[in-house]
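Spelled out from the first residue to the last, the chains are:
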Amino acid sequence: SVGFICVFLCFGCGLPCVSAAFQKKVQNKIKDLVQQMEEGLKTADPHDFSTYTGWTGIAVLYLQLHRVSHEPSHLQRALDYVKRAMRILNGRKVTFLCGDAGPLAVGAVVHHRLNNSSDSKDCVSRLLTLQRSVLSPDSDMPDELLYGRAGFLFALLYINKEMGEDTVDKETISKVVSSILDSGQSLSSDQKKTERCPLLYQWHNKQYIGAAHGLAGIYYMLLQPGAGVHPDLLSELVRPSIDYVRHKRFRSGNYPSSLSNETDRLVHWCHGAPGVVHMLIMAYKVFKEDKYLKEASECAELIWQMGLLRKGYGICHGTAGNGYAFLSLYKVTQDKKYLYRTCKFAEWCLDYGTHGCRIPDRPYSLFEGMGGTIHFLSELANPDASCFPAFEL
Ligand SMILES: [Zn+2]
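Residues numbered from 1 in each chain as written. Predicted model: local features only at pLDDT ≥ 70, side-chain atom pairs only at ≥ 80, totals over all residues. Heavy atoms only, no water.

J.: Can you break down the packing of aromatic side chains residue by residue, with the values?
T.: The final tally for this structure, using the stated rule, is 22 aromatic pairs. Measuring from centroid to centroid gives 5.3 Å for Tyr-52 and Phe-367, while their planes differ by 35°, and the two rings are tilted. Of this pair, Tyr-52 sits in the loop between helix 1 (20–41) and helix 2 (55–69) while Phe-367 is found in the loop between helix 14 (336–350) and helix 15 (370–378), placing the two residues 315 residues apart along the sequence. Residue class for Tyr-52 comes out buried when judged on its relative accessible area of 12%. Taken together, a centroid distance of 4.9 Å and an interplanar angle of 80° make the contact between Phe-326 and Phe-345 edge-to-face. Separated by 19 residues along the polypeptide, Phe-326 in helix 13 (residues 319–333) and Phe-345 in helix 14 bring together distant segments of the chain. On the basis of relative accessibility, which here comes to 0%, the residue Phe-326 falls in the buried class. Three or more aromatic residues joined by ring pairs form one cluster here, namely Tyr-52, Tyr-220, Trp-269, Tyr-324, Phe-367, Phe-376, Phe-388 and Phe-391. In this structure, Arg-84 is placed above the aromatic ring of Trp-55, and the distance from its NZ or CZ to the ring centre is 4.4 Å. (Phe/Tyr/Trp six-rings, centres within 6.5 Å; stacked < 30°, edge-to-face > 60°. Helix = DSSP H or I, 4+ residues; strand = E, 2+ residues; numbered from the N terminus. Buried < 20%, exposed > 50% of the residue type's maximum accessible area, 1.4 Å probe, protein only. Lys NZ or Arg CZ within 6 Å of the ring centre and 35° of its normal.)

Below is the structure:
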C-alpha cells in the first residue's frame, strides 16, 4: 500500500504534500476513468440536461479538469456538453443542480473562459429571467438546494465567483436571499419555533437536515459572503437555527436525515454528517467560534469510521462525496491528517468497481456516478483549491 507515503511534510513549502508517486497513480486512473465515462455516456439519457445526473454535470467535470490541466481540449469538451444541455432546457425547474439555472450558469462560465463575451452575457441574462418564479410570493417553490431557491442562489453566486463580483448585481442576490429568509421565518412561525429555530424549511412536508434537501444546505448558502446577508440577520436568524440543528446530533456524531427521524443510518453528503460538516466549517469562518470547528472535526472522525460506502464512489451518496469533507477540513486547518484521509478515500476510489458496491442509476453522472469520482480524484493535484461541485464556492 502507498498509504504511509502518500502524504508528507514537504521540504520545499513546509506544508503537507501528496507524494509524486501517489499523484502519478491518481493521474493515470483519471485518464482511464475519463475514457470509461465517455464510452458509457454514449448510452446515457439524451434528454437529461441536469448538473446532477446529466450533460451539464459532465461539462462541470471538464471545467474542473481544465482548471487543473490547462488543456484546451477539456474546455472544448465542456463547451460541447453544455451546449448539448442548453438545447434541451424545459423551463420546469430553476436550480443549478436540477433545473435550467445549471446549464445557463455553466454555459456563461464556459463562454467566458473562451472569451465569447456576447454568448456569455446572453446566458447570464437568460439565467436572470428565472428569478421571476423564484421571487413570486405565491409560488410553491421549496427552498432546498436540489429543487428550491437555495439552488438558484447558488447559480448566482457561482457566476460571481467565476466571472467577477458584480456580474450578477447585488440587488438581485439580495432579493433572492430575502425570499429565502421570508420563507424560513414564515414556516418557523407557523410551527411555533421562532425562538428555537427562526429559519425553518421543509421539502415534501419533511424538515430535512442534510445538504441536498435540508437545512444544512440552505444555511450554508446563506452563510456565503457573496450572499451578503446582513451580520445582524446572520446572528439573529441563521446562527440560532444552526445551533438548533447542532443539538439534533446523534451520540455517534452523525446527524439525522430530518428533524423527525431518529434512526442513525445515513452518512452521505445528501443526508448526514458529510453534508452538515460544510455548514459547520462555514459557521466557524463566519462566527469565529471554535465550537463549530470542533464539531466539524468530530464529523470527520465519524466519516473516517463510516464513510467508505457500499452505495458507490459518487459524490451525492458515495465515497468521493465523503472525501470532500476531509478536503474542506484540510483547507481550513492545514492539518496533514485530513490530507492523508483524503488520499485513503481516493485510494479506495482507484479500485473503482472492485468492492461489490451498488451501481447507481446514472453510473457516469457527476452526482451519482463516475463523473463525480473523477472530479474528486482531480482535486489531489491542488487540494487547497478543492471545491465540492455545485455546492462549495
Ligand atoms: Zn444522495
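J.: Before we move on, can you summarise the environment of Ser-19 with the specific residues and values?
T.: Checked against the element boundaries, Ser-19 lands in the loop between strand 2 (16–18) and helix 1. Ser-19 sits 11 residues away from Phe-8 along the chain, and the two C-alpha atoms are 6.9 Å apart.

J.: Which residues make up the side chain of Lys-193, and what values go with them?
T.: Take Lys-193: it is sitting in the loop between helix 8 (170–190) and helix 9 (215–222). For the buried residue Lys-193, which engages in no salt bridge, the nearest side chain bearing the opposite charge is Glu-262, 11 Å off. With sequence-adjacent residues up to four places away left out, Lys-193 is seen in contact with Ser-188, Pro-198, Leu-200, Gln-207, Tyr-244 and Leu-259. (Lys, Arg positive; Asp, Glu negative; His and termini not counted. Salt bridge = Lys/Arg side-chain N within 4 Å of Asp/Glu carboxyl O. Contact = heavy atoms within 4.5 Å.)

J.: Please give an account of the pattern of salt bridges that cites residues and values.
T.: On inspection of all chains with the given rule, the structure shows 19 salt bridges. Note that Lys-170 and Asp-166 form a salt bridge whose closest N and O atoms lie 3.2 Å from each other. Linking Glu-347 and Lys-344 is a salt bridge whose minimum nitrogen-to-oxygen distance equals 2.8 Å. With Glu-347 and Lys-344 both in helix 14 and 3 residues apart, this pair spans about one turn of that helix. By relative accessible area, which is 17% here, Glu-347 ends up buried.

J.: Summarise the packing of helix 2 against helix 15; cite the residues concerned and give the values.
T.: Helix 15 packs onto helix 2 with a crossing angle of 20° between their chain directions and a minimal axis gap of 10 Å. For the element pair helix 2 / helix 15, the angle class is roughly parallel. The element helix 2 and its partner helix 15 pack so that their crossing is left-handed. Across the interface between the two elements, Val-60, Leu-61, Gln-64, Leu-65 and Val-68 from helix 2 touch Gly-371, Ile-374, His-375 and Ser-378 from helix 15. Residues belonging to the contact of helix 2 with helix 15 are distributed by class as follows: 5 nonpolar, 4 polar and no charged. (Axes fitted to C-alpha atoms, helices over the stretch in contact; angles between N-to-C directions. Parallel < 35°, antiparallel > 145°, perpendicular 65-115°, else oblique. Left-handed = near helix turned anticlockwise from the far one by under 90°. Nonpolar A, V, L, I, M, F, W, Y, C, P; charged D, E, K, R; others polar.)

J.: So, the coordination of the zinc ion: which residues are in play, and what are the values?
T.: Within the protein, the atoms that donate to the zinc ion are Cys-270 (SG), Cys-316 (SG) and His-317 (ND1), at distances of 1.9 to 2.3 Å. For the zinc ion, the donor residues sit on a single chain with the sequence spacing C-x45-C-H. A residue pair is termed long-range when its members are at least 10 positions apart, and Cys-270 in the loop between helix 10 (231–246) and helix 11 (273–287) and His-317 in the loop between helix 12 (290–306) and helix 13 qualify at 47 residues. In terms of burial, Cys-270 and His-317 fall into one category: buried. (Donors = N, O, S within 2.8 Å, 3.2 Å for Na, K, Ca; no water.)

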